[in-house]
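The residues making up each chain are set out below.
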Amino acid sequence: MAGSVLRPQPLTKAAFARFGDVIEIDGAEERLINQGTTRRFHDLAAVAVAKDGGHPLISIFRGSAFALPITIAMFERHPLGSQAFFPLNGRSWLVVVATDDGGRPGEPTAFLATGCQGVNYAPGVWHHPLLALHESSDFLVVDRGGGGINLEEVTLDQPVIVEGYSIGPKIGIDFR
Ligand SMILES: NC(=O)N[C@@H](O)C(=O)O
Ligand code: NI
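Residues numbered from 1 in each chain as written. Chains lettered and ligands numbered in written order. Predicted model: local features only at pLDDT ≥ 70, side-chain atom pairs only at ≥ 80, totals over all residues. Heavy atoms only, no water.

Under an unreviewed UniProt entry, the protein chain has the name Ureidoglycolate lyase and belongs to Jiella flava. Regarding the protein chain, the UniProt comment filed under Sequence similarities (unreviewed entry) reads as follows: "Belongs to the ureidoglycolate lyase family." If you open the UniProt record of the protein chain and go to Subunit (unreviewed entry), you find "Homodimer." (UniProt positions renumbered as here; feature names shortened; annotations may be inferred.)

So this is what it looks like as structure tokens:
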């Protein structure tokens, strides 16, 4: 993985499955509730926060904007619980994850999430902390509170560069 260059790919359930869940309406089980006045898009992600007496937290993260190209110099993971992010401003954002290679980050992958897509990292999945794009953005976050060490951070021997350019704040990023 030394000094590799990443071009983000579109975020899809299939491509992200080994890292966790994609939170989106597309493909969701839909239930008509509240006397037909509300459509429930049901059970979109597996929240896992109970390990070692953990409890769920609901927070809002206001992420500063990152400009491309982005240097990925570290990864982190939460061994005791999942962590979900959902964008609240309708702007696209960047998700960078990595496989595990003997307890350290292995092969990295970058995804461009639309402003209508969130992710839920499964426990122990290597990921870069929040990467908002274009401008400061708010995200609803569901993760684990409680005791124990739930944050492991690793600095990469060689940074990974995420390339691309923005074609406008509302369109997202077009990587060629
Ligand atoms: N540290 C923290 O709460 N945030 C990170 O886990 C992150 O993934 O952004
Ligand atoms: Ni995290």
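Let's shift gears to the nonpolar core. Counting 17 residues, the largest nonpolar core has Phe16, Trp93, Val95, Val97 and Tyr121 as the members making the most contacts within it. Elements supplying a minimum of two residues to this core: strand E10 (93–101), strand E11 (104–113), strand E12 (118–121) and strand E15 (137–145). The dominant element in this core, judged by the number of residues it contributes, is E10, at 3 residues. Core analysis: the next-biggest nonpolar cluster, separate from the first, contains 16 residues, Ile72, Val96, Leu112 and Val154 among them. (Core = buried A, V, L, I, M, F, W, Y, C linked by side-chain atoms within 4.5 Å. Buried < 20%, exposed > 50% of the residue type's maximum accessible area, 1.4 Å probe, protein only. Helix = DSSP H or I, 4+ residues; strand = E, 2+ residues; numbered from the N terminus.)

In ideal tetrahedral geometry, four donors around a metal make angles of 109.5 degrees, whereas ideal octahedral geometry with six donors gives angles of 90 or 180 degrees. Within the first shell, the nickel ion (ligand 2) binds the protein through Glu76 (OE), His78 (NE2), Gln83 (OE1) and His127 (NE2), at distances of 2.1 Å. Taken together, the 6 donor atoms surrounding the nickel ion (ligand 2) define angles of 74 to 173° at the centre, an arrangement classified as octahedral. Counting the intervening residues between successive donors of the nickel ion (ligand 2) yields the motif E-x1-H-x4-Q-x43-H. Here Gln83 is found in strand E9 (residues 83–87), whereas its partner His127 is found in strand E13 (residues 126–127), with 44 residues between them in sequence. Each member of the pair, Gln83 together with His127, is buried. (Donors = N, O, S within 2.8 Å, 3.2 Å for Na, K, Ca; no water. Tetrahedral: all angles 85-135°; square planar, octahedral: opposite > 155°, others 65-115°.)

Together, Ile58, Ile60, Leu88 and Leu140 make up a nonpolar patch on the protein surface, roughly 400 Å² of accessible area in all. As for its position among the elements, Ile58 is in strand E6 (residues 55–63). Relative accessible area serves as the criterion here: at 67%, Ile58 is assigned to the exposed category. (Patch = residues over 30% accessible without salt bridge, like charges linked within 9 Å, V, L, I, M, F, W, Y side chains within 5 Å. Areas by Shrake-Rupley, 256 points an atom, 1.4 Å probe, with all protein chains shown as cover. Salt bridge = Lys/Arg side-chain N within 4 Å of Asp/Glu carboxyl O.)

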